[in-house]
Each structure stands twice: as structure tokens, then as C-alpha cells.
Amino acid sequence: MSTPQQLLNQGIDQLGLNIAPQAITQLEFYMAALQKWNAAFNLTAIREPKDIVIKHFLDSLTVLPHVKHDTLLDVGTGAGFPALVLAIAQPQLQVDLLDSNSKKTRFLRQMVAELALKNVRVHHARVEQANLTAQKQVISRAFSSLADFCQWCEHLLAEDGILLAMKGQYPQAEIDDMPASMRVLSSTPLKVPFLDEARHLLVLGRT
């Protein structure tokens, strides 16, 4: 039976990602800290260590090859998924983490401090009220419907920016409900190692 650390390394190999040993050590520290904090603050409903590796860490890493710009805003990031994982794996990526839950942003600030991450900023605010510079790339993982994602993030998106929506099954009904000002630029099925569930990444842009 693989340990969570072995699962993480095996999953990274399966994804074909080249992640520095120091970054893998940081991801392992983050995993352990999440479990410790979760006992007191209920940061995530997923509690089994192996499920945390697969459904949070490896799930987040599946989108790494699709992150094209050097800045990324993660809205409704929760305990840091996907963008804190991506920021650790790719230190040249400048990441902003946004969440309205103060317990979660407190945890994120602690992680940024303890891991000495110079490329991550944490913001505590509701998405629709956040006052941030418009971004080229905004990501969200199962945070809301596509219609809400488009509407709430419009003021956070640069004119030529893209929204990256991480979804399970292909969300045709949600696509049908999207505002006319936005369209689907691409859809990519994702395979999370050790997980037999559908995953899709949708890239949205202005019409």
C-alpha cells in the first residue's frame, strides 16, 4: 500500500510533470499541515490522507500544463486548490488566492509564510466585491456555475483575459446558461491519476 507521499510522487510521474524536489517537499509539508488544521477548522470535507492527495493535490496538478500566462488568480480557492499547489510546483508563476472564508485565508497566509512563498498573495473578500487589478488568467475549481463564474469575475478579467473553469462531467447545461458576452474557447478532458471520475477544463473568453 503506497503512502500519501509515494502516491503524490507516482501521480506526478503519471502526469509527466517535471517538479523540483524542493517543491515536492513543500507539497508534502502543505499536505501534512492541511490535515492538522483540518482537524480544528474543517477546511475541507475530504479527510482521508490518500483522498487528499488524489482529489486535491493531483487534481490541481492536472491543469498545470494548461496555465499559459505568468499570473493566475484563483477565486473561491478554499484551502488553496488549485492555485497554491500550482504556485509551489511552478515558482515563476505569480498567484493571487481569493476566498471569503477567514479561516481558510488564515490557513493560506500561514502556508505562504511557513513555505516562504514569494510568488503568492492571499486576499480575503467575496469575489464580486474584490478590488484587484484585472487579470489575464482567472481559475476556479467547482466554485460556482459557469454563468456565476462569468458574471462575478467580469471585473477581475483583463479585456483579452481567460477564465479557466475546472469541472467534473462536461457541463453542457451550464454552458447553455452562460451570458452572451462569454464563450467557450476550448474544452479538455483531464485524467487525474488513481481517480475514476470525469474531469474537464473549460477555457472561457469574451465574445
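Everything below is about the structure printed above this text.
No experiment lies behind these values; they were computed from the predicted model shown.

1. What to know about the side chain of arginine 199
- Within the element layout of this structure, arginine 199 appears in strand E7 (residues 199-206).
- You can call arginine 199 buried: its relative accessible area is 18%.
- A polar atom in the side chain of arginine 199 sits 3.4 Å from the side chain of glutamate 197.

2. Some words on the pattern of salt bridges
- What the rule picks out here adds up to 7 salt bridges.
- Notably, a salt bridge pairs arginine 141 with aspartate 59, separated by 3.0 Å at the nearest N-O pair. Of this pair, arginine 141 sits in strand E4 (residues 135-141) while aspartate 59 is found in helix H3 (residues 49-61), placing the two residues 82 residues apart along the sequence.
- Overall, the relative accessible area of 3% leaves aspartate 59 in the buried class.
- Several salt bridges share partner residues, and in doing so they unite Asp59, Arg141, Glu197 and Arg199 into one network.

3. Considering the side chain of threonine 77
- By secondary structure assignment, the location of threonine 77 is in the loop between strand E1 (71-75) and helix H4 (83-89).
- Accessibility expressed as a relative area gives 2% for threonine 77, which makes it buried.
- In this structure threonine 77 touches Leu97, Leu98, Asp99 and Leu108, once residues within four positions along its chain are discounted.

4. Looking at the environment of glycine 80
- With respect to the helices, strands and loops of the structure, glycine 80 is situated in the loop between E1 and H4.
- Classification of glycine 80 as buried rests on a relative accessible area of 0%.
- Taking C-alpha positions, glycine 80 is 9.9 Å from leucine 43, a pair spaced 37 residues apart along the chain.

5. Quick look at the sheet that holds E1
- Read across the open sheet, the 7 strands follow the order E3-E2-E1-E4-E5-E7-E6; overall the sheet is mixed. Looking at strand neighbours, the two that pair on one side only are strand E3 (120-124) and strand E6 (182-190), the edges of this open sheet. Looking at each pair of strands side by side, their axes are set apart by 20 degrees on average, direction ignored.
- Sheet topology places E1 next to E4; 2 bridges connect them, and they run parallel. Within E4, the residue paired with aspartate 74 across the bridge is isoleucine 139.
- Where H3 meets the sheet, its contacts fall on E4, strand E5 (157-167) and E7, and the angle it forms with E4 comes to roughly 150 degrees.
- Each of strand E2 (94-99) and E3 is contacted by helix H5 (residues 102-114), which is oriented at about 160 degrees to E3, the strand it contacts most.

Definitions and cut-offs
- Residues numbered from 1 in each chain as written.
- Predicted model: local features only at pLDDT ≥ 70, side-chain atom pairs only at ≥ 80, totals over all residues.
- Heavy atoms only, no water.
- Helix = DSSP H or I, 4+ residues; strand = E, 2+ residues; numbered from the N terminus.
- Buried < 20%, exposed > 50% of the residue type's maximum accessible area, 1.4 Å probe, protein only.
- Polar contact = N/O pair within 3.5 Å; in protein donor to acceptor, adjacent residues only side chain to side chain.
- Salt bridge = Lys/Arg side-chain N within 4 Å of Asp/Glu carboxyl O.
- Contact = heavy atoms within 4.5 Å.
- Pairing = 2+ DSSP bridges.
- Axes fitted to C-alpha atoms, helices over the stretch in contact; angles between N-to-C directions.

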